[in-house]
Amino acid sequence: MTATVPAPALPSGTAAARDPLLDNAKYLAILLVVSGHLIEDLRDVPAAHALYFFVYLFHMPLFIVISGYLSRNFTFSAGKARKLITGLAVPYVIFEVAYSLPRYFLYGKLEISLLDPYYLTWFLMSLFLWRLSTPVWQQLRWPLTVAVGLSLLSGTSALPDELSMNRTFGLLPFYVLGLMLRPEHLDLLRRGWARITGAVILAGGLVVAFLVHYDVPTEWIRWRHANHQIGVDDVTGTLIRLAMLTVGALLVAAFLAITPSRRTWFSGLGAATMYAYLLHGFAVKVAERFHSSLVNPVGVAAMIVFGVVLATVLCTPPVRRLFKWAVEPDISWAFTRLRRPGGRPGDRGSGRADGQETPHSPRHAVRA
């Protein structure tokens, strides 16, 4: 968030090939991401502070879990590697530069570091690294336990900002949780009892957030710093991090449980949440300039409504056509033809250019 903001869109295909539950969840979650960013600067208003705290407990974990679930079939094959480059690496470079330009024009400072993500581009960097690690987690007997252990250990050291290491390790369990999920697990969340339970959990979480939001440092929900940087010892910090992971997973499950599982008017928009995630930051930067006139309950409500409208518009087909070059760039011209492993540099292999095997392809041909 991301994304969330969010999980990148699935490869194009028929609507029937997509799970409406996931698309619906991504759309509803991107509303929280965009609205959350818009009220971040208005947290002097108690209600904004509480809502911000509540949303940040689970909105990016939700996108990360879904990203992990949709990455279950990732391999190191040539076709998947190309999708990784075009879907994450190239957009990361484009938006890392794009978000650095306003600082240059407004303040005369041009600072671009491709290894140190700026603003919301951290999600692309972390997702790139998580996806690369997918085959490793699929070979472990207790992958989630190992991921939780790494997350907790990461809080005991001040990791460098490069590669978004604090968030990459801290939020790793949510990605691995997504990898471990199966369709039958999601089917459990579609049942009536799960929907009721999910609503109760979310309502209870919101009430608790309003009660404790001033008592919990905001940095705990941002996953950016080590325990001692937040002001606690490692034992206390480890327990808090474990609680944050547990609460995040519980709220993610609750949110998925109340999400409609049938196709809705916004299901198609849920396939394009990466557009809203990467583009909304420019509107947030503009809104920050009106901070003084928005720090009041009416201003907070207006920003929430604006966030819902903005996120929806940014997921629509016209916006996708306009910014496809940046969010889903076509750089097929930069790749060679797919070829068999071990083939000579000039060997084009016997597979199709898109990575799909032909009826005459050898068994060991590359699969995309």
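Residues numbered from 1 in each chain as written. Predicted model: local features only at pLDDT ≥ 70, side-chain atom pairs only at ≥ 80, totals over all residues. Heavy atoms only, no water.

A.B. asks: I keep staring at the environment of histidine 37 and nothing clicks. Help me out?
C.D. replies: Among the secondary structure elements, histidine 37 is positioned in helix 1 (residues 20-39). By relative accessible area, which is 12% here, histidine 37 ends up buried. Spatially, the C-alpha atom of histidine 37 lies 9.9 Å from that of alanine 283, the residues being 246 residues apart in sequence. The residues touching histidine 37, leaving out its near neighbours within four places in the chain, are Tyr56, Leu120, His280 and Val284. (Helix = DSSP H or I, 4+ residues; strand = E, 2+ residues; numbered from the N terminus. Buried < 20%, exposed > 50% of the residue type's maximum accessible area, 1.4 Å probe, protein only. Contact = heavy atoms within 4.5 Å.)

A.B. asks: Teacher, can you tell me more about the nonpolar core here?
C.D. replies: Side chains that are nonpolar tend, in soluble globular proteins, to be buried together. Grouped together as the largest cluster of nonpolar side chains are 89 residues, with contacts concentrated most on Ile30, Phe123, Trp130, Tyr277 and Leu278. No other element matches helix 1, which puts eleven residues into this core. (Core = buried A, V, L, I, M, F, W, Y, C linked by side-chain atoms within 4.5 Å.)

A.B. asks: Any chance you could explain the layout of surface pockets here in plain terms?
C.D. replies: Summary: where empty space remains is shown by rolling a probe the size of a single water molecule over the atoms. Estimated volume of the second largest pocket: approximately 760 Å³. In terms of lining residues, the second largest pocket is bounded by 31 residues, among which Tyr119, Trp122, Arg167, Arg222 and Arg224 are the most central. Contributing elements (two or more residues each) for the lining of the second largest pocket: helix 2 (46-56), helix 3 (59-70), helix 8 (165-170) and helix 14 (273-287). Grouping the amino acids of the lining of the second largest pocket by side-chain chemistry returns 16 nonpolar, five polar and ten charged. (1 Å grid on protein atoms, 1.4 Å probe; cavity = no way out; pocket = protein on both sides within 12 Å on 5 of 7 lines; lining within 4 Å. Points joined across faces, edges and corners; volume = space filled by probe spheres on them. Nonpolar A, V, L, I, M, F, W, Y, C, P; charged D, E, K, R; others polar.)

A.B. asks: How should helix 7 (residues 143-154) be read in this particular structure?
C.D. replies: Structural remark: α-helix, 3.6 residues per turn; residues separated by three or four positions point the same way. For helix 7, spanning twelve residues, the distance from its first C-alpha to its last is 16 Å, which sits close to the expected 16 Å at 1.5 Å a residue. Three or more residues of helix 7 are buried, namely Pro143, Ala147, Ser151, Leu152 and Ser154. Buried residues of helix 7, viewed axially, fall in a sector of 165°; they line one side. Counted as exposed and oriented over 90 degrees from the buried face of helix 7: Thr145 and Leu153. Packed against the buried residues of helix 7 are helix 6 (134-137), helix 8, helix 9 (172-180) and helix 13 (234-258). (Expected span 1.5 Å × (residues − 1). Arc of directions from axis to C-beta.)

A.B. asks: Looking at this structure, I do not really get the packing of aromatic side chains. What am I missing?
C.D. replies: Geometrically, a pair of aromatic rings is defined through the distance of the ring centres and the angle of the planes. This structure, assessed with the given rule, holds 13 aromatic pairs. Measuring from ring centre to ring centre gives 5.7 Å for phenylalanine 58 and phenylalanine 255, while their planes differ by 45°; the resulting arrangement is tilted. Here the residue phenylalanine 58 occupies a position in the loop between helix 2 and helix 3, and phenylalanine 255 occupies one in helix 13, the gap between them amounting to 197 residues. The burial state of phenylalanine 58 is the same as that of phenylalanine 255; both residues are buried. (Phe/Tyr/Trp six-rings, centres within 6.5 Å; stacked < 30°, edge-to-face > 60°.)

A.B. asks: I keep staring at the packing of helix 3 against helix 5 (residues 122-132) and nothing clicks. Help me out?
C.D. replies: If you want to describe how two helices pack, look at the angle between their axes and the distance between the axes. At a minimum axis separation of 11 Å, helix 3 and helix 5 run at an interaxial angle of 35°. Seen from above, helix 3 lies across helix 5 with right-handed handedness. Taking contact as the criterion, the partners of Met60, Ile64 and Ser67 in helix 3 are, on helix 5, Trp122, Phe123, Leu127, Trp130 and Arg131. For the contact of helix 3 with helix 5, the residue count by class is six nonpolar, one polar and one charged. (Axes fitted to C-alpha atoms, helices over the stretch in contact; angles between N-to-C directions. Left-handed = near helix turned anticlockwise from the far one by under 90°.)

A.B. asks: What is the right way to read a nonpolar patch on the surface from this model?
C.D. replies: There is a patch of nonpolar side chains on the surface, built from Val93, Leu101, Tyr104, Phe105, Leu110, Ile112 and Leu114 and spanning about 650 Å² of accessible area. Among the secondary structure elements, isoleucine 112 is positioned in the loop between helix 4 (78-107) and helix 5. (Patch = residues over 30% accessible without salt bridge, like charges linked within 9 Å, V, L, I, M, F, W, Y side chains within 5 Å. Areas by Shrake-Rupley, 256 points an atom, 1.4 Å probe, with all protein chains shown as cover. Salt bridge = Lys/Arg side-chain N within 4 Å of Asp/Glu carboxyl O.)

A.B. asks: Is there a simple way to explain the side chain of serine 151 in this structure?
C.D. replies: Looking at the element boundaries, serine 151 is found in helix 7. Apart from the residues within four sequence positions on either side, serine 151 is in contact with Phe169, Gly170, Pro173, Trp223, Arg241 and Leu245.

A.B. asks: How should helix 17 (residues 317-327) be read in this particular structure?
C.D. replies: Taken as a whole, helix 17 has its buried residues at Val319, Ala326 and Val327. Taken down its axis, helix 17 places every buried residue within 60° of arc, on the same side. Exposed residues lying more than 90 degrees from the buried face of helix 17 are Arg321, Leu322 and Trp325.

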